[in-house]
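Architecture at a glance
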Amino acid sequence: MQALKNHQEYDFPLDWNSIQDRIHAIDPIKYASTRNFEKGALTYLGPYISRGVISTKCIFEHTKSLDLEWRSIEKLVQELAWRDYWQQVWVEKQSRIESDLNFEQKAVLHSGVPAAIVEAKTGIEAIDSAIQIFYKTGYLHNHIRMYIAAICCNIGKYHWSAPAKWMYGNLLDGDLASNHLSWQWVAGTFSNRNYVANQENINKYFNSAQRNTFLDVPYEAFNKLEVPDVLIKRHHWKIEINYPESISLQALKEKKTLIYNYYNLDPLWHKGEDVQRVLLIEPDVFKRYPISQKCMDFAVGLSKNIEDIKVFVGSYSTLQEQLKNAEIVFKEHPLNDHYQGIQEDREWMSSIEGYFSGFFKFWNKAKKELIK
Ligand SMILES: Cc1cc2nc3c(=O)[nH]c(=O)nc-3n(C[C@H](O)[C@H](O)[C@H](O)COP(=O)(O)OP(=O)(O)OC[C@H]3O[C@@H](n4cnc5c(N)ncnc54)[C@H](O)[C@@H]3O)c2cc1C
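Residues numbered from 1 in each chain as written. Predicted model: local features only at pLDDT ≥ 70, side-chain atom pairs only at ≥ 80, totals over all residues.

This part takes up the overall build of the protein chain. When helices and strands are counted, the protein chain shows 16 helices and seven strands. In terms of C-alpha radius of gyration, the protein chain reaches 21 Å, essentially the compact-globule figure of 21 Å for 372 residues. Seen along its three principal axes, the alpha-carbon backbone of the protein chain occupies a region of about 65 × 50 × 45 Å. By the burial criterion, 36% of the 372 residues in the protein chain qualify as buried. A separation threshold of at least 6 residues defines the contact pool for the protein chain, and within that pool the share at least 24 residues apart is 70%. (Helix = DSSP H or I, 4+ residues; strand = E, 2+ residues; numbered from the N terminus. Rg over C-alpha atoms; globule rule 2.2 N^0.38 Å. Buried ≥ 20, exposed ≤ 12 C-beta atoms within 10 Å, placed from the backbone. Contact = placed C-beta atoms within 7 Å.)

Taken together, 28 residues lie around the ligand, and Thr43, Gly46, Ser178, Asn179 and Ser182 are the ones closest in. Elements supplying a minimum of two residues to the shell around the ligand: α4 (46-50), α6 (70-93), α9 (142-155), α10 (161-170) and α11 (176-187). Split into classes, the residues belonging to the shell around the ligand amount to 14 nonpolar, eight polar and six charged. Mapped onto the domain boundaries, the shell around the ligand takes at least three residues apiece from domain 1 (2-98 + 357-370) and domain 2 (113-235). (Near = placed C-beta within 6 Å. Nonpolar A, V, L, I, M, F, W, Y, C, P; charged D, E, K, R; others polar. Domains from an automatic or database assignment.)

Between its terminal C-alpha atoms α9 stretches 19 Å, which fits the 20 Å expected from 14 residues at 1.5 Å a residue. Among all positions of α9, only His143, Ile144, Met146, Tyr147, Ile148, Ala149, Ala150, Ile151, Cys152, Cys153, Asn154 and Ile155 are buried. Against β1 (113-114), α7 (115-118), α8 (125-137), α10, α11 and α12 (199-205) lie the buried residues of α9. The first or second residue beyond α9 is Lys157, which carries a positive phi of 60°. (Expected span 1.5 Å × (residues − 1).)

Next up on the list: the sheet that holds strand β3 (residues 257-260). Here we have five strands laid out as an open sheet, ordered β5-β4-β3-β6-β7, and parallel in their pairing. Sheet topology places β5 (309-313) and β7 (342-344) at the edges, where each strand pairs with a single neighbour. Pairs of neighbouring strands in the sheet enclose a mean axial angle of 30°, with direction left out of account. Across two bridges, β3 lies against strand β6 (residues 328-331) in parallel orientation. (Pairing = 2+ DSSP bridges. Axes fitted to C-alpha atoms, helices over the stretch in contact; angles between N-to-C directions.)

Right, let's talk about the nonpolar core for a bit. Tyr147, Ile148, Ala149, Ala150 and Cys152 are the most contacted members of the largest nonpolar core, which totals 90 residues. Per element, the largest residue contribution to this core is 10 residues, and it comes from α9. If sequence neighbours within four positions are ignored, Cys152 has contacts with Val113, Pro114, Ile117, Tyr158, Trp160 and Pro163. (Core = buried A, V, L, I, M, F, W, Y, C linked by C-beta atoms within 7 Å.)

Pasting the structure below:
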């Protein structure tokens, strides 16, 4: 596929050295001026951050070590802060992020996902091509994510939740907080304003010159736009996966055990210690939040960076029963509420915690610490 050849950066290597190379390739100055464009100097680190291989803090520390002026790195640091911000909202609001959080979505006419989105047949070339590449690579540009969400929620009048699950399930960087809360931001259920973009905007950032699409209208027209015919047919997206092979319970020892999972694949965590390391894959979690085979294989592939990791497919309680009185250690995360044992903190960029009703309230506090 020609388009894919132009997107080598959408290829996400699994080995630790390549991930470090990606961190070292960051160019914060170019990032700031090009991030909204298709070929912008993005970091492509999302899949490693979301899978808990690296943290926003480690990227921030590397960026600071470049010895650039604050204004040159601020844009990138601010985007990293968006990630920490959404995580803090999740910690506070827990599973409430899965439904309209602060405002009810207005003028909803449909549920499910527009078939035109799932099948990459909206008729908008930049979007259809990005969706085809998305299925092959597991990556979507931030701006395309916003366009897709706007088309589903604010043009097609679908409730945000089903299309958000479709996108989450196919993204290598799928993260329930960044995903669902960004969808809510676009749909106007997080803050009381929704987001739309027209064809001119897409043409500008995605190097196209297409005209006469359903988005080829001035912004004032969006309020009165009828749902385009192409968005009416819906798709009830479903996904089935094969889990990786599991070790038998008997192969586990009754000794101090670190639990890794889809959100924590950190190879440096307690590195070198004599502990048992288990990647816990709980089918119940993936039934509730389905992901594609590509995403599962990516996570299992990344786990190979962790010394002597064993994959266990089953529930936390079964694992715990087998480990009897052994110490169990895990990292804090909203999806780990049912774990019992010793909880350790995740790494954050700043010490600012808690729920802030808007990003900039959080950022203004975090920035004071980060700028030092
Ligand atoms: C509808 C929608 C759905 C999204 N779903 C997810 C998701 O499931 N998982 C996810 O990690 N991000 C999600 N994002 C946020 C953002 O699109 C991705 O983090 C970013 O595109 C990842 O690519 P990158 O690493 O090249 O980003 P870069 O632009 O290089 O940014 C570096 C890092 O900063 C953080 N970041 C950048 N922009 C944002 C943002 N707008 N919100 C939160 N963090 C940000 C990410 O951790 C990212 O890896 C979503 C955004 C939208 C609009």
